[in-house]
Amino acid sequence: MKLFTKNILNLILKINFLVILLNSSVLASESLKPEDIYKEVRCVVCEGQSIYDSNSAIAEDMKKIIKEQLKLGKDKEEILNYLKSKYGEYIILTPAYNNKTIILWCGPVVFFIICVIIAVRKTYLKKEI
Amino acid sequence: MNTKLSISKLLPFIIFVIFIFTMIHAIYNFRKSLDSSPMIGKDLPEIQLKDLFDDSQMISDKTFPKEYILLNIFGSWCVACKIEHPFLMKLKEEGVKIYGINWRDEESVAKEFLGKYGNPYERVGVDKEGKVIIDLGVIGAAETYLIDGNGKIITKYMGVLNETIYQEYFKSYIKN
C-alpha cells in the first residue's frame, strides 16, 4: 500500500512537470502572430469558440484591436490583460491557474485520484480475503 | 456491520455528487465574470468619436453632461435595437438623456434608421471599428450603460431595454 501511494505521488509529480513544461516559454514560438492570441481569446457571443474560429461582429473587432496593439509593440500578456480588464477572466479560453480557478484545474484530478484509490483498495482488500 | 457495508457502497456515489456540485459551482463562478462586467464601477474609458450628424464634431466623454445619462450601443442591423427603439423614444420624451454609439454601420444607413424610427439620442458617435465598443467591454448590441454625472459606469444591461428592465436596472440608481 505504501509502495502504491508512493507510485501514485510519483505519477502526479511527473504529470505536473509535463504540464509546466508544455506551458513554458522554452517551447513557445519567439515570433508572436496575431492568430496565436486569437486562439486564446473567447468569443463572447459563441459557446466554447475562440475569436479565431468566429466570424461574429465582436470577434472581428477584437481581432482588429489585437492586431493594432501588436503593431504598437504590446506583448501577448499586455493584450490579454487589457481584454481581461474589460471582460473579466472568462474572456481567456484557458482559465488562469489562481485561487479562484484552483478547483477547476485540480478538481477533476483529485476526483480521479480518489476513484483510483477506492478502486485499488477494494481490489486489494478482496485479494487479501 | 450492515451500516458499514451501506456506507462503503454509497461512498463513491457521494464523492461523485460532491464532485459534480463543486465543479458546477466553480464553473458558474468562472463564467460570472462575463455577466458582471469588470467595467462596472470604473470610469468611462476615453470616448472620441465622430458625430454621426456632423463629422466636423466629435463626441467626447469629457463633454457628457454632469448628470445621469444612458449610453446606448446600437446598429441599424441589430434586431434587438429595433425592438427597444420605441422605448428609447419614450425615455427621451420623459427627459432621460441618451447618448448613442452607432456600431458597424455606414453613416448613411444609420441616419436612415434614425430618420425612419425616430432619434432618441442627444448625440450619436460613430464607432465603425469597434474600438470604443471593446474599451467599454461591450458584448453586443443592444447594450445600455448608466453613467453618473462624474463619468463613472454605474451599471449596464445587455439586451432589449424595456420598462421593466429600466425600472429594475436603472431607475433605482437615478432615484437615489
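Above this text sits the structure in question.
Residues numbered from 1 in each chain as written. Chains lettered and ligands numbered in written order. Predicted model: local features only at pLDDT ≥ 70, side-chain atom pairs only at ≥ 80, totals over all residues. Heavy atoms only, no water.

A. Up close: the packing of helix α3 (residues 57–71) of chain A against helix α4 (residues 76–87) of chain A. All names here are of chain A. Packing of α3 against α4 leaves a shortest axis separation of 10 Å and a crossing angle of 140°. When the axis of α3 is compared with that of α4, the two are oblique. When the axes of α3 and α4 are compared, the crossing they make is right-handed. Within the contact between the two elements, α3 uses Ile58, Met62, Ile65, Ile66, Gln69 and Leu70 and α4 uses Ile79, Tyr82, Leu83 and Tyr87. Here the residues of the contact of α3 with α4 are counted per class, giving nine nonpolar, one polar and no charged. (Axes fitted to C-alpha atoms, helices over the stretch in contact; angles between N-to-C directions. Helix = DSSP H or I, 4+ residues; strand = E, 2+ residues; numbered from the N terminus. Parallel < 35°, antiparallel > 145°, perpendicular 65-115°, else oblique. Left-handed = near helix turned anticlockwise from the far one by under 90°. Contact = heavy atoms within 4.5 Å. Nonpolar A, V, L, I, M, F, W, Y, C, P; charged D, E, K, R; others polar.)

B. Fine view of the interface of chain A and chain B. Taken together, the contact pairs 31 residues of chain A with 30 residues of chain B. Taking both partners together, chain A and chain B bury about 2700 Å²; carbon and sulfur atoms supply 69% of that area. When the buried surface of chain A facing chain B is broken down by residue, A:Lys86, A:Tyr87 and A:Tyr90 rank first, second and third, together holding 25% of it. Summed over the shared surface of chain A and chain B, the result is two salt bridges. Taken together, chain A and chain B are joined by six residue pairs in polar contact (both at pLDDT 80 or more). Put simply, the parts of the chain that give the side of chain A that touches chain B at least two residues each are α3, α4 and α5 (102–128) of chain A. Counting residues per element, the side of chain A that touches chain B draws most heavily on α5(A), which supplies eight residues. A class-by-class count of the residues in the side of chain A that touches chain B yields 18 nonpolar, four polar and nine charged. (Buried area = accessible area lost by both parts, 1.4 Å probe. Salt bridge = Lys/Arg side-chain N within 4 Å of Asp/Glu carboxyl O. Polar contact = N/O pair within 3.5 Å; in protein donor to acceptor, adjacent residues only side chain to side chain.)

C. Just the pattern of salt bridges, in detail. Following the criterion strictly, the structure yields 14 salt bridges over all chains and no others. In this structure, B:Arg104 and A:Asp61 form a salt bridge, with 3.3 Å as the shortest nitrogen-oxygen distance. Taken as a pair, B:Arg104 in the loop between β4 (98–103) and α3 (107–117) and A:Asp61 in helix α3 lie in two separate chains rather than in one. Overall, B:Arg104 belongs to the partly exposed group, its relative accessible area being 32%. Taking the relative accessible area as the measure of exposure, A:Asp61 reaches 0% and is therefore buried. Between B:Lys90 and B:Glu94 there is a salt bridge, with the nearest N and O atoms lying 2.8 Å from each other. On the basis of relative accessible area, B:Lys90 is assigned to the partly exposed category, the value being 35%. Connected via shared salt-bridge partners are A:Asp61, A:Lys64 and B:Arg104. (Buried < 20%, exposed > 50% of the residue type's maximum accessible area, 1.4 Å probe, protein only.)

D. Layout of a nonpolar patch on the surface. On the surface, B:Leu10, B:Phe13, B:Ile14 and B:Ile18 cluster together into a nonpolar patch covering about 400 Å² of accessible area. By the secondary structure assignment, B:Ile14 is in helix α1 (residues 2–36). (Patch = residues over 30% accessible without salt bridge, like charges linked within 9 Å, V, L, I, M, F, W, Y side chains within 5 Å. Areas by Shrake-Rupley, 256 points an atom, 1.4 Å probe, with all protein chains shown as cover.)

E. Molecular detail of the state of the cysteines. Scanning the model with the defined rule gives two disulfides over all chains in all. With its sulfur 2.1 Å from that of its partner, A:Cys43 forms a disulfide with A:Cys46. Looking down the S-S bond of the A:Cys43 and A:Cys46 bridge, the torsion is 55°, so its handedness is right-handed. Like A:Cys46, A:Cys43 is buried. Each sulfur of the disulfide joining B:Cys78 and B:Cys81 lies 2.2 Å from the other. Taking the torsion about the S-S bond as the criterion, the B:Cys78 to B:Cys81 disulfide, at about 85°, is right-handed. When its relative accessible area of 2% is taken as the criterion, B:Cys81 is described as buried. For A:Cys106, which is in no disulfide, the shortest distance to another cysteine sulfur is to A:Cys115 and amounts to 16 Å. With relative accessibility at 34%, the residue A:Cys115 sits in the partly exposed group. (Disulfide = S-S within 2.5 Å.)

F. Layout of the environment of B:Gly118. All names here are of chain B. With respect to the secondary-structure elements, Gly118 resides in the loop between α3 and β5 (123–127). By relative accessible area, which is 17% here, Gly118 ends up buried. In this structure, the C-alpha to C-alpha distance between Gly118 and His85, residues 33 residues apart in sequence, is 8.3 Å. Other than its neighbours up to four places away in sequence, Gly118 contacts His85, Met89 and Phe113.

So far we have only geometry, and geometry alone does not tell us how the molecule works.
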